[in-house]
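Structural overview for review
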Amino acid sequence: MACSSKLNWILVWAALLTVFATRTNGIDIFVDWNVSFSNSFSPLNGIQQRLNSWQDGVSGTNCPIKPSTNWTYVFQIKDQIGSFFYFPSINFQKASGGYGSIRVNNRNVIAVPFLKPEAEFDLLIGDWYAGDYKFYRTLLGTEVSAYDVIPDAILMNGKGKTYRFTISNVGSTLSFNFRIQSHTILLVETEGSYTNQITLNSFDVHVGQSYSVLVTADQNDADFYMVASPKLLDTSIVGLGVLHYSNSAIPASGPQPAGPDAFDLEFSNKCKNRRNLTAGAARPNPQGTFNVTNVTPSQTFILQSARAEINGAPSPVVNNISYYTSNTPLKLADHLTNGSGVYTLDQFPIQSVNAEAAYGVSVVTGNHRGWIEIVFKNNMNDIDSWHLDGFSFFVVGFGNGDWTPDSRNTYNVIDPVARSTAQVYPGGWTAVCAFLDNPGMWNLRSQNLKNWYLGQELLIRVHDADPNPAKSALHQKTSYYVEFLIRLMPLHQHLDR
C-alpha cells in the first residue's frame, strides 16, 4: 500500500573498533548506536550476547535510547562465526530501515570448508512499504491492515573467479526466493553453521534469516539479473538487482530467471537443513562434536500462533496470549525486585492454549544448562519465522497439521543445522532443540514485524544461581584478532519510492 504522507526514515551510524586479543576466553566488541530521532535500540540478530542479556537490544532487556543520544553496545562473539544482521527493534522502526550486515569470520587458525573467495559482498533484501512508517503503524489497529496489506516493493542493495555473497532477509513480512541469471549458487553457511554444500539454481530466504553462498563468475563478460520474488503471493512485486562483470559493456537483458512455484512450500526444506559435521567453525573441533543425537530435553514448549481479537483490536497471540510491553524492562525488574510488581514468572501456558485471548507479560523459566525442545505451530495463513535471542537452536523437524509426541520419530537428530531463525509454514509445525547454557532474559519472537509488534513474543528467563559475577558480566579476556564487519545499507535509495 502507498500513502502520500511525508516519508520518514531511520538513520543510524554504527562505529566499529577492531579488537586485538591476547588470551583465550572471549572478545569484547564496542559498537556505538547513535539515534537521530525517536526512541530506539537494536538487536544484533543472531549474536548470542554471551552472559549478557543486558545488551540484547529489545524492550524486555533494554531501556530505549533517547533521541540525540547514543548507547555503546559491549558484547562478545565468542564461539560464533557466520552471517547476521542488525536492525531497530521497537515502535515498528524496522519498517523504515536502519539495518546492516554483520559478518563474523573464522580465526586464521581454523580453515573454512571451501576455497577462499576472491571477494565478499553483502546483499540486504527485504519487502518495503512506501510511506511514513508511523502512518503505517497507526493502521495496525484494523484487521485488514494488521494482516493483509501487501508491501509495495522488494528492495535489494546490492570473470572465472568465485565470490562469496551474504544474503539476509531484512524485510518485515515476505519470504523470498533468490536466484541469479545464468549462474548456479553453492550454499555454504547459515547463521553460524556451515552447511552441507549443495549447488542450487535458487533458494528461499525467510524473514530474519541469513545465508552465505558462493557464486562463480563463469559466464562471458556481461550483466546478469539478480531476482528476489516473494513466496505465497500471487503478485508482480519483485526485487531486481544486477550482477556486473568488471569488463562488461552489455546490460542485463532477456527474461528474468524463473524460480520455483511461489506456493511450493516443500522447496524451502530441500537440502538446506543439514549441517557440515566435519568442518571447524568458531573452534577447531568439528561442528558435529556438539549435536542432538542422544539428547533428552528437560523441557518442551508447544507454542501455537494464531490471530485473535482483544478489546476490539487485532492481536496475534501465542497460546492465546498477546505480549504486553511493560514500562519497565523485564531484565531490570528481574535484577532489582525479582520481577515483583512487573511480571509473574511462569503464568504463560507453555503447552496449552488458554480458553480466551488476553494480554500478558509473558516470562517463562528455561532450565539453565538443560536442553529445551520448542515446537512452533502456525495456525495462520502466512509463513512465519521464529527467532530466539541468546542461542542457536537445532532445527530438527518440520511437519504439516498438528504436532504429536510421535512426531519425534521424524526428527533429524544426525545432522540438523544450528541457527537462530526458523520458518514455520501455514498450518504446519517446526521443532527445534537448544542447550540453555547462556544465563539471562532472552527474547523469543516472530520475525514477522507486524506479528511481533502486535504481541507475538515471550521471554525465557535462564537463571544461574551461582553468584560469581564473572558469569554475568563481560570481562576483557581475549585471545585472538577478530575482524568484525558491520555495514549500513544506504538509506537514501528508498526516498524516491
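What comes next concerns the included structure. (Residues numbered from 1 in each chain as written. Predicted model: local features only at pLDDT ≥ 70, side-chain atom pairs only at ≥ 80, totals over all residues. Heavy atoms only, no water.)

1. Section: the nonpolar core
Counting residues in hydrophobic clusters, the biggest one holds 26 residues, and the most contacted among them are Leu123, Ile125, Phe165, Ile167, Phe178, Phe203 and Val213. Listing elements by their share of this core, those giving two or more residues are strand 7 (120-128), strand 8 (153-156), strand 9 (162-169), strand 10 (176-180), strand 11 (185-190), strand 13 (202-205), strand 14 (210-216) and strand 15 (223-230). Beyond its immediate sequence surroundings of up to four residues, Val213 is in contact with Tyr163, Arg164, Phe165, Ile167, Ile185, Leu186, Leu187, Val188 and Phe203. Counting 25 residues, the second-largest nonpolar core is a separate cluster that includes Leu303, Val318, Val395 and Leu444. (Core = buried A, V, L, I, M, F, W, Y, C linked by side-chain atoms within 4.5 Å. Buried < 20%, exposed > 50% of the residue type's maximum accessible area, 1.4 Å probe, protein only. Helix = DSSP H or I, 4+ residues; strand = E, 2+ residues; numbered from the N terminus. Contact = heavy atoms within 4.5 Å.)

2. A few points about helix 4 (residues 330-337)
Of the positions making up helix 4, those classed as buried are Leu330, Lys331, Ala333 and Asp334. Taken end-on, helix 4 shows its buried residues confined to a sector of 165°, consistent with a single buried face. Facing away from the buried surface of helix 4 by more than 90 degrees, the exposed residues are His335 and Leu336. Following helix 4 by one or two positions, Asn338 adopts a phi angle in the positive range, close to 55°. (Arc of directions from axis to C-beta.)

3. Observations concerning the packing of aromatic side chains
What characterises a pair of aromatic rings is the spacing of the ring centres plus the angle enclosed by the ring planes. Here the structure, examined in full by the defined rule, presents 15 aromatic pairs. With 6.2 Å between their ring centres and 75° between their planes, Phe114 and Tyr194 make a pair best called edge-to-face. Each ring, one from Tyr411 and one from Trp429, has its centre 6.5 Å from the other, and the planes form 55°; the classification is tilted. Remark: Trp429 occurs in strand 27 (residues 428-435) and Tyr411 occurs in the loop between strand 24 (393-400) and strand 25 (418-419); sequence separation between them is 18 residues. (Phe/Tyr/Trp six-rings, centres within 6.5 Å; stacked < 30°, edge-to-face > 60°.)

4. Considering the side chain of Glu189
Tracing the backbone shows Glu189 in strand 11. On the basis of relative accessible area, Glu189 is assigned to the buried category, the value being 0%. At a separation of 2.7 Å, a polar atom in the side chain of Glu189 contacts the main-chain amide nitrogen of Gly192. In this structure the side chain of Glu189 is engaged in a polar contact, spanning 2.8 Å, whose partner is the side chain of Ser212. Each residue touching Glu189, except ones within four places of it in the same chain, is listed here: Gly82, Ser83, Arg164, Tyr194, Thr195, Tyr211 and Ser212. (Polar contact = N/O pair within 3.5 Å; in protein donor to acceptor, adjacent residues only side chain to side chain.)

Read these as layout, nothing more, since geometry by itself doesn't imply function.
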